[in-house]
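Okay, here's what each chain looks like letter by letter:
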Amino acid sequence: MSDDTEVRQEEGEVERVLYAKATYDEAEKEAVQDVLETPERLVGGDYTDEFQEKVAKRFGKTHGVMTNSGSSANMLALTSLMLSKGAEIITPITTFSTTVAPIVQNDLIPVFIDIDVGSYQIQIDKIEAAITADTEAIMIPALAGNIPNWPRLRAIADEHDLYLIEDSCDTIGARIQGEPTGEFTDVSTTSFYGSHIITGFGGGGIVCFHRQEYADKAKKFRAWGRKSAVDENVTIDERLETQLGDISYDSKFVFDEVGYNFLPLEASAAFGVEQLKKLDDFAERRRENFQRLSEFFRQYDEWFVLPEERDDVETAWLAYPLTITEEAPFDRVDVVKYLENNDIQTRSLWTGNILRHPGFEDIECRIPFETPNADHVMKNAFVIGCHQSLTNRKLDYVEQTFEEFFESAT
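These figures come from a predicted structure and were not determined experimentally. (Residues numbered from 1 in each chain as written. Predicted model: local features only at pLDDT ≥ 70, side-chain atom pairs only at ≥ 80, totals over all residues. Heavy atoms only, no water.)

With respect to the sheet that holds strand 1 (residues 63–67)
The 7 strands are arranged 1-9-8-5-4-2-3 in an open sheet whose pairing can be described as mixed. In this open sheet, the two edge strands, each paired with only one partner strand, are strand 1 and strand 3 (109–113). Going across the sheet, the axis of each strand differs from the next one's by a mean of 20°, ignoring polarity. Bridge count for strand 4 (residues 135–141) against strand 5 (residues 163–167) is 5 bridges, and the pairing is parallel. In the sheet register, isoleucine 140 faces strand 5, and the bridge partner there is glutamate 166. (Pairing = 2+ DSSP bridges. Helix = DSSP H or I, 4+ residues; strand = E, 2+ residues; numbered from the N terminus. Axes fitted to C-alpha atoms, helices over the stretch in contact; angles between N-to-C directions.)

Concerning the pairing of strand 8 (residues 187–191)
On a regular strand, each side chain points to the face opposite its neighbour's, so the side chains alternate between the two faces of the sheet. For strand 8, the buried fraction is high: 5 of the 5 residues fall into the buried class. In this sheet, strand 8 lies alongside strand 5 in parallel orientation, the contact comprising 3 bridges. Bridge assignment links isoleucine 165 to a residue of strand 8, and that residue is valine 187. In the sheet, strand 8 pairs with strand 9 (residues 205–209) via 5 bridges, with the strands oriented antiparallel. Directly across from serine 191, in strand 9, lies its bridge partner glycine 205. (Buried < 20%, exposed > 50% of the residue type's maximum accessible area, 1.4 Å probe, protein only.)

So, the nonpolar core
Grouped together as the largest cluster of nonpolar side chains are 41 residues, with contacts concentrated most on Phe297, Phe304, Tyr320, Phe330, Phe382, Ile384 and Phe402. It is helix 13 (residues 392–409) that provides the largest number of residues to this core, a total of 6 residues. Grouped together as the second largest cluster of nonpolar side chains are 25 residues, Ala267, Phe271, Val273 and Ala316 included. (Core = buried A, V, L, I, M, F, W, Y, C linked by side-chain atoms within 4.5 Å.)

As for the side chain of glutamate 166
Inspection of the secondary structure assignment puts glutamate 166 in strand 5. The buried charged residue glutamate 166 lacks any salt bridge, with lysine 61 as its nearest oppositely charged partner at 4.5 Å. Reaching out from glutamate 166, the side chain makes a polar contact with the side chain of threonine 181 at a distance of 2.4 Å. Here glutamate 166 is in contact with Phe59, Lys61, Ile140, Trp150, Thr181, Gly182, Thr185, Val187, Ser188 and Thr189, once residues within four sequence places are set aside. (Lys, Arg positive; Asp, Glu negative; His and termini not counted. Salt bridge = Lys/Arg side-chain N within 4 Å of Asp/Glu carboxyl O. Polar contact = N/O pair within 3.5 Å; in protein donor to acceptor, adjacent residues only side chain to side chain. Contact = heavy atoms within 4.5 Å.)

So, helix 5 (residues 97–105)
Taken residue by residue, helix 5 has Thr99, Val100, Ala101, Pro102 and Ile103 as its buried positions. Against the buried residues of helix 5 lie helix 4 (70–81), strand 2 (88–92), strand 3, strand 4 and strand 5. Looking one or two places after helix 5, you find aspartate 107, whose phi comes out positive at around 60°.

The following block contains the structure:
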């Protein structure tokens, strides 16, 4: 924050406190400029190769396939596994739309399990009872940046011969029991959207695998379904050896799959390479802000369920979630309006109960147990920022504004 902004704030004029904000400097600008100097490599290149390798390593994975978004990464995660049509995928009912959308788009059936309020993670104790002969995978988002019990989920998946898919689009670099989260999963995805912990020039995503065969499938589906997406370093003689029926054809334009165009931009990867260098610092600053907010809201824990994470987890939350209790003398509409009218940005906790949304209310699914917490969160939860760009001055203002609201509400 500039000195001028701090002076304006002291005088009562407040710069808007965003729930999320990208943080970058000249290094990212120079990396993008470097890409602009080589127009023949605007899509694919050394930056993309480097970024894929380094992000995959962060997840404890061997292979990374960068995409144009985290949503596309989720689509490739499921499509590349070639699951049976109509197979069931166990997933939480409080989620993000593009965790569930690729399940539906791949003709798979989501099996919805409720979450716990506070952790906002799937109720693991209910998973095994929800597994049937049709179940082929478990797909869990690290909602708002929190981490589920991946070791236990891995044990369940192994016991029942299921794929375990980690949608980590809300965080990156998290560890559990000292290990990268991706060590416990078959597939890991993350997102570099502009509001996330690091960004790829406003967008980008990645899907990571342990196994080469799935990475190769993902590369094909990412690039229109083209056979050449796996290995483009072939001679013209090799390219023209391909036969399609009785016609010799250029292998660069042979389509092995009905694919998509999910290719990333080289500028996005270049920006991301520089962002990745700052990730540890960003994560530490987020944890400090998260801890400060927790200390503040503990004074009001009769009115809010505070966010909870496991003792064996190290993560950076995307935002700071709060769920209003029945004892509170106000509701979510009251507090959110007050915050927004005082230039503190808020968001709902992603979908709440996704089946209440028009695009998903009629999808084919199975709900083996009641899901009251999803509705409770949908009605009572919201998030505020804890990102690395927040200054102490802004956090002072957030706390002051909440205190003023509490005084007016009681």
